[in-house]
Amino acid sequence: MKTKIIKIDPSNVCESSLIEAAEIIKNGGLVIFPTETVYGLGADGTSAEAATKIYFAKGRPSDNPLIIHIEDPRDASKFTYTNETYFRLAEKFMPGPLTVVLPAKDNVPKETRASLPTVAVRCPSNPIAKTLIRLSGVPIAAPSANLSGSPSPTKASHVIDDMDGRVDMIIDGGDSEFGLESTIVKVEDNGTLTLLRPGKVTVDDLLTVCPVVKIASAVTDQLAENEVVLSPGMKYRHYAPKSPVYLIEAEAEKAFNYIAERSASSYVAALCYEEDIELLKIKAPNVHIYKFGAENDELLQAHLLFDILRDADKHTFDEIYAPLPRKEGVGLALYNRMIRAAAYHIIRM
Ligand code: TXA
Ligand code: MG
């Protein structure tokens, strides 16, 4: 299929530039669009056929459900059984990088929700995404717009690498602002929350709305064999580059001595906080260094991570090292993605 690529400035969106994209969605086609988290691969969320096309284009297992994207948080009630907790979350965090799992109504095809009784809804803040949903007149089902198994795309070039020829249109809206996927919470019957995937909306943010936030064990820990997962996406191997990744928990000096030793006989890459780069260069001059923002700048780290992982796949590193993120605040989202990229390998010294 020939993919049309258009470029739109998210700070200056005029409706007429998105009419063709909206027509494609209405007619059951596939459009990749930017959001504030990562790029999404969108289709009509009310059409079983369109949802099936998404799975095919991504090479995604059909038992991994899609998020439906709406323009107005109140529209969730058309497709799900909303409750008070949902509306409190919506008031505080929507539009924005939060996805809420709620019981689905019958008008959401089982293909969109992979036959689950629930469906995930999200109301993005990116102006291109918002305008596209409004003009389409339907909720847009969209997973991240990567080929299944590679990191979510945060730049138009990532999308084009993975998806050119597989979709009708790609909207280039520049780099994703945040760079990791949305926070996902499930609202339980008793109104409490379970965190299924950490993101920019942190546990502390959620606690301001709901006094009980349970963190699903798969957020930080490896699943036991045959463990039942709360979110199907948790069971798939995710975000792992071809080269093995190791997360190091140690003072920079100690970590760099170890990396220097390894780099004597191996081709090594390291993600390195800005303030430590000079020291790493001195200790291990052969190492390929990825600048990873300042240690306390987790937003910049989130913004950079997937681009670094994609770039690493263009090299043939024997080993990749990165600092172990903390599990607080946005750090938990980094921890969750990086621990998977590292196949749970942590070196403590
Ligand atoms: O930031 C984001 O959320 C991006 C942008 C495009 O909106 N989307 C995204 O979609 O990351 P995807 O499909 O790559 O990840 C959605 C995750 C999957 O792991 C899926 O298993 C989970 O959400 N999910 C979807 N529906 C669910 C449901 N009803 N119950 C539990 N988990 C669900
Ligand atoms: Mg994804």
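The preceding data block contains the structure.
Rules behind the numbers
Residues numbered from 1 in each chain as written. Chains lettered and ligands numbered in written order. Predicted model: local features only at pLDDT ≥ 70, side-chain atom pairs only at ≥ 80, totals over all residues. Heavy atoms only, no water. Helix = DSSP H or I, 4+ residues; strand = E, 2+ residues; numbered from the N terminus. Rg over C-alpha atoms; globule rule 2.2 N^0.38 Å. Contact = heavy atoms within 4.5 Å. Areas by Shrake-Rupley, 256 points an atom, 1.4 Å probe, with all protein chains shown as cover. Lys, Arg positive; Asp, Glu negative; His and termini not counted. Charge placed at Lys NZ, Arg CZ, Asp CG, Glu CD. Salt bridge = Lys/Arg side-chain N within 4 Å of Asp/Glu carboxyl O. Buried < 20%, exposed > 50% of the residue type's maximum accessible area, 1.4 Å probe, protein only. Axes fitted to C-alpha atoms, helices over the stretch in contact; angles between N-to-C directions. Parallel < 35°, antiparallel > 145°, perpendicular 65-115°, else oblique. Left-handed = near helix turned anticlockwise from the far one by under 90°. Nonpolar A, V, L, I, M, F, W, Y, C, P; charged D, E, K, R; others polar. Pairing = 2+ DSSP bridges. Core = buried A, V, L, I, M, F, W, Y, C linked by side-chain atoms within 4.5 Å. Phe/Tyr/Trp six-rings, centres within 6.5 Å; stacked < 30°, edge-to-face > 60°.

Visitor: Please clarify how the overall build of the protein should be interpreted in this entry.
Guide: For the protein, the count of helices and strands is eleven helices and 16 strands. The C-alpha atoms of the protein give a radius of gyration of 20 Å, which matches the 20 Å a tight globule of 349 residues would have. For the C-alpha atoms alone, the extent of the protein along its principal axes is close to 60 × 50 × 40 Å. Nonlocal contacts in the protein, meaning residues at least 24 apart in sequence, comprise 66% of its contacts between residues at least 6 apart. A total of about 15,000 Å² of accessible surface is found on the protein, and carbon and sulfur atoms cover 50% of it. Once the 38 positive and 47 negative side-chain charges of the protein are each reduced to a mean point, those two points are 3 Å apart.

Visitor: Quick question: what am I supposed to make of the pattern of salt bridges here?
Guide: Side-chain pairs of opposite charge can arise whenever the charged atoms involved come near each other. Counting across every chain of the model gives 20 salt bridges. Across the pair Asp75 and Lys78 runs a salt bridge whose closest N-O atoms are separated by 3.3 Å. When its relative accessible area of 22% is taken as the criterion, Asp75 is described as partly exposed. Taking the shortest distance from any N to any O, the salt bridge between Glu249 and Arg348 comes out at 2.6 Å. Separated by 99 residues along the polypeptide, Glu249 in strand β12 (residues 245–249) and Arg348 in strand β16 (residues 346–348) bring together distant segments of the chain. On the basis of relative accessibility, which here comes to 56%, the residue Arg348 falls in the exposed class. One connected set of salt bridges, linked through shared partners, spans Glu15, Glu71 and Arg134.

Visitor: When you look at the packing of helix α1 (residues 19–26) against helix α5 (residues 127–136) in this model, what are you seeing that I'm missing?
Guide: Each pair of packed helices can be summarised by the angle the axes make with each other and by the distance between the axes. The N-to-C vectors of α1 and α5 enclose an angle of 55°; their axes lie 8 Å apart at closest approach. Here α1 lies oblique to α5, going by the angle between them. Seen along the crossing, α1 lies across α5 with a hand that is right-handed. Of the residues in α5, those in contact with Ile19, Ala21, Ala22, Ile25 and Lys26 of α1 are Leu132, Leu135 and Ser136. A breakdown of the residues in the contact of α1 with α5 according to their chemical character gives six nonpolar, one polar and one charged.

Visitor: What exactly am I supposed to notice about the sheet that holds β12 here?
Guide: Consider a sheet: its strands pair through backbone hydrogen bonds, and that pairing is either parallel or antiparallel. Taken together, the five strands give an open sheet; going across it, the order is β14-β13-β15-β12-β16, and neighbouring strands pair in parallel fashion. At either margin of the open sheet sits one strand with a lone partner, and together these are β14 (288–291) and β16. When the angles between neighbouring strand axes are averaged without regard to direction, this sheet yields 25°. Note that β12 and strand β15 (residues 319–323) share four bridges and pair parallel. Bridge assignment links Val245 to a residue of β15, and that residue is Ile320. Here helix α10 (residues 298–312) sits on the sheet in contact with β13 (268–272), β14 and β15, set at roughly 160° to β14.

Visitor: Explain the sheet that holds strand β4 (residues 67–69) to me, please; I cannot follow it from the model alone.
Guide: Here eleven strands make up an open sheet; going across it, the order is β1-β8-β2-β3-β7-β4-β6-β5-β9-β10-β11 and the pairing mixed. Looking along the sheet, the strands with just one partner apiece sit at the ends: β1 (4–7) and β11 (213–215). The pairing of β4 with strand β7 (residues 140–141) spans two bridges and is classified as antiparallel. Residue pairing across strands places Ile68 opposite Ala141, the latter belonging to β7.

Visitor: For this particular structure, what's the right way to read the nonpolar core?
Guide: Across soluble globular proteins, you tend to see nonpolar side chains buried next to one another. Ile32, Leu41, Tyr86, Leu89, Val100 and Leu206 are the most contacted members of the largest nonpolar core, which totals 54 residues. Ignoring any residue separated from it by four or fewer positions in sequence, one finds Ile32 in contact with Tyr39, Gly40, Leu41, Ala145, Val159, Met163, Val167, Met169, Ile170 and Ile171. Grouped together as the second largest cluster of nonpolar side chains are 28 residues, Tyr273, Phe292, Ile308 and Leu324 included.

Visitor: Which parts of the structure should I look at to understand the packing of aromatic side chains?
Guide: Tallied over the entire structure, the rule returns six aromatic pairs. Centre to centre, the rings of Tyr267 and Phe317 are 4.8 Å apart; their planes meet at 55°, and the pair counts as tilted. In this pair, Tyr267 is assigned in the loop between α8 (252–263) and β13 and Phe317 in the loop between α10 and β15, connecting sequence segments 50 residues apart. Consider the rings of Tyr290 and Phe317, whose centres lie 6.3 Å apart with planes at 85°: the pair is edge-to-face. Of the two residues, Tyr290 is situated in strand β14 and Phe317 in the loop between α10 and β15; the sequence distance between them amounts to 27 residues. By relative accessible area, Tyr290 is classed as buried at 8%.

Remember that the coordinates give geometry; whether it matters functionally is a separate question.
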